[in-house]
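Architecture and fold: a report
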Amino acid sequence: MPDNTELLDRVSAPEGAGRPIHDPATGAEIGRAPEASVDDLDAAIARARAAQPAWDALGHDARTQVLLRAADAIDARAEELARLLSREQGKPLNGPNARFEIGACSSWLRTSATLPLEPQVVVDDGETHAELHYRAVGVVGAIGPWNWPLMIGIWQLAPALRMGNTVVLKPSEYTPLSVLALVSVLNEVLPADVLIAVSGGREVGARLASHPDVDKIMFTGSTATGRRIIESSAGNLARLTLELGGNDAGIVLPSADPQAIAQDLFWGAFINTGQTCAALKRLYVHDSIYDATVDALAAIARATPMGNGLDEDNVLGPLQNKQQFDIVNRLVEDAKANGARIVTGGSPATELGALFYPITLVADVADGVALVDEEQFGPALPIVRYSEVDDAIASANRLDVGLGGSVWGDRDEALAVAARMQAGTVWINSHGGVHPMIPFGGVKGSGYGLEFGVEGLKAVAVPQIING
């Protein structure tokens, strides 16, 4: 099927301008990203602020109808968006990847658009009547990542627009074209300047976080960058929602059936080739079923096709960028040097392309090894043996991150373990699944603030008490 490039042509900078963007699977240039300046950002924020009162004044019902039409617009361009996303980010069309991500964008937008947030009566005692309302915060600055650039973009912009805010969105420098294309599709429906995407470098992101006319910042990315955003926002006291780095632990109890859980374990770790914030990144398995669990995962790894994302047969792709590829390679090499056993993979898949790294299962490894202690954000999973559940819980909690975690085995036993894990979300017999109605956020170094559901709407609004 030939690529339809109308959207790509619409958002790319002219030949000779902007910055080249390359397909991580092939290295071929696919387009040129516009490079906005800080002055361009300032102008965009001014336009968004000017547009915000009229958008807010439409009211919830009218905004809902506009956003539902915007979701329909995504569906109408779904295949084109998916193919551009695959070429730019590297994820395959099929499996839980590009087409899945585009479908999630429209469905998430519809849920955010229709989710009610009613005033809450907090006191009504015959003398005092007080209600809690939520009002638009103003201009929301959204800074997105490169791993799920469209879906996380929707996670940021959908509730913000629903609550009457306008949004200025800065995509990652690695994946700007697909985000610009999505925004272009949405802006076929939205009023002018309600949603503005600004593609630029780090100085643009820093200015967005510190701008005096930005009332709320939403950021998904590394803990280190999150700390810089906190510092940048001090001057304007912008409200913050930060979804930062993670190193999610999974604990497999002795009551688990390795064959029954292997498929879900595999995709909990390797969805988007491991490039997911809340992916399973270190796995603690009880000694009694350790070898059987490793063997079951290895069988799936060897049978799961990896390659160019436009090939309909593939469900695993390359690392998106050289920096992330080098991190994965370094951590695996360090594990080897520390005596770990490589079960599958273990070295770059150069026969597929420069940024391909195979699914790498690393057994007989322990806490303290870099692959366990550092977030790999790629297709390498350390599998740690334990004998006592208390020790596994202590290991899971020992790092200064807490985005997600999971427990596998008998449900009652798993629930008791989950209550002791220091993570914003703990899944039972699954890992990483998110739902537009279920709040999501991290603890410790994984950030703060909640997204999704009613709590996500509240996070992009300001509370107001009406007393009388």
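I will try to describe carefully the structure that is included in this document. (Residues numbered from 1 in each chain as written. Predicted model: local features only at pLDDT ≥ 70, side-chain atom pairs only at ≥ 80, totals over all residues. Heavy atoms only, no water.)

Right, let's get into the overall build of the protein. A tally of helices and strands in the protein yields 16 helices and 20 strands. Radius of gyration (C-alpha) of the protein: 23 Å, near the 23 Å computed for a compact globule of 468 residues. Taken over the C-alpha atoms alone, the protein extends approximately 65 × 65 × 40 Å along its principal axes. For the protein, long-range pairs separated by at least 24 residues make up 72% of all intrachain contacts whose partners lie at least 6 apart in sequence. Across the protein, the mean location of the 35 positive side-chain charges is 3 Å away from that of the 58 negative side-chain charges. (Helix = DSSP H or I, 4+ residues; strand = E, 2+ residues; numbered from the N terminus. Rg over C-alpha atoms; globule rule 2.2 N^0.38 Å. Contact = heavy atoms within 4.5 Å. Lys, Arg positive; Asp, Glu negative; His and termini not counted. Charge placed at Lys NZ, Arg CZ, Asp CG, Glu CD.)

This brings us to the nonpolar core. Counting 70 residues, the largest nonpolar core has Ile74, Leu109, Ile154, Val167 and Leu186 as its most contacted members. Ignoring anything within four residues of it in the chain, the contact list for Val167 reads Val140, Ala142, Leu157, Ala160, Leu161, Val194, Leu195 and Ile196. Residues Ile261, Val294, Val343 and Phe356 belong to the second largest nonpolar core, which totals 31 residues. (Core = buried A, V, L, I, M, F, W, Y, C linked by side-chain atoms within 4.5 Å. Buried < 20%, exposed > 50% of the residue type's maximum accessible area, 1.4 Å probe, protein only.)

Looking now at the environment of His286. Position of His286 relative to the elements: it lies in strand E11 (residues 280–286). Its relative accessible area of 14% is what places His286 among the buried residues. Along the sequence, His286 and Ala51 sit 235 residues apart, while their C-alpha atoms lie 57 Å from each other. Sequence-distant contacts of His286, that is, excluding residues within four places in its chain, are made with Val252, Leu253, Pro254, Tyr386 and Ser387.

This brings us to the pairing of strand E3 (residues 120–124). Bridge count between E3 and strand E4 (residues 129–136): four bridges; the pairing is antiparallel. Bridging across to E4, Gln120 finds its partner in Leu132. (Pairing = 2+ DSSP bridges.)

The next thing to look at is a nonpolar patch on the surface. Together, Val122, Val123 and Ile465 make up an exposed nonpolar region whose accessible area comes to about 230 Å². Looking at where Val123 falls in the secondary structure, it is placed in strand E3. (Patch = residues over 30% accessible without salt bridge, like charges linked within 9 Å, V, L, I, M, F, W, Y side chains within 5 Å. Areas by Shrake-Rupley, 256 points an atom, 1.4 Å probe, with all protein chains shown as cover. Salt bridge = Lys/Arg side-chain N within 4 Å of Asp/Glu carboxyl O.)

So, on to the packing of aromatic side chains. The tally for this structure, following the rule as stated, stands at 10 aromatic pairs. Aromatic pair Trp108 and Phe452: ring centres 4.8 Å apart, planes at 65 degrees, arrangement edge-to-face. Taken together, the residues Trp108 in helix H5 (residues 98–114) and Phe452 in the loop between strand E19 (447–448) and helix H16 (453–459) connect sequence positions 344 residues apart. What makes Trp108 buried here is its relative accessible area of 6%. Classification of Phe452 as buried rests on a relative accessible area of 6%. Ring centres 6.0 Å apart and planes at 70 degrees place the aromatic pair Phe325 and Tyr357 in the edge-to-face group. Linking Phe325 in helix H12 (residues 322–337) with Tyr357 in the loop between strand E12 (341–344) and strand E13 (360–363), this pair joins segments that are 32 residues apart in sequence. By the burial criterion, Phe325 is buried, and Tyr357 matches it. One aromatic cluster is present, built from ring pairs that chain together Trp108, Trp155, Phe440 and Phe452. When the ring centre of Trp148 is taken as reference, the NZ or CZ atom of Lys91 above it lies at 3.6 Å. (Phe/Tyr/Trp six-rings, centres within 6.5 Å; stacked < 30°, edge-to-face > 60°. Lys NZ or Arg CZ within 6 Å of the ring centre and 35° of its normal.)

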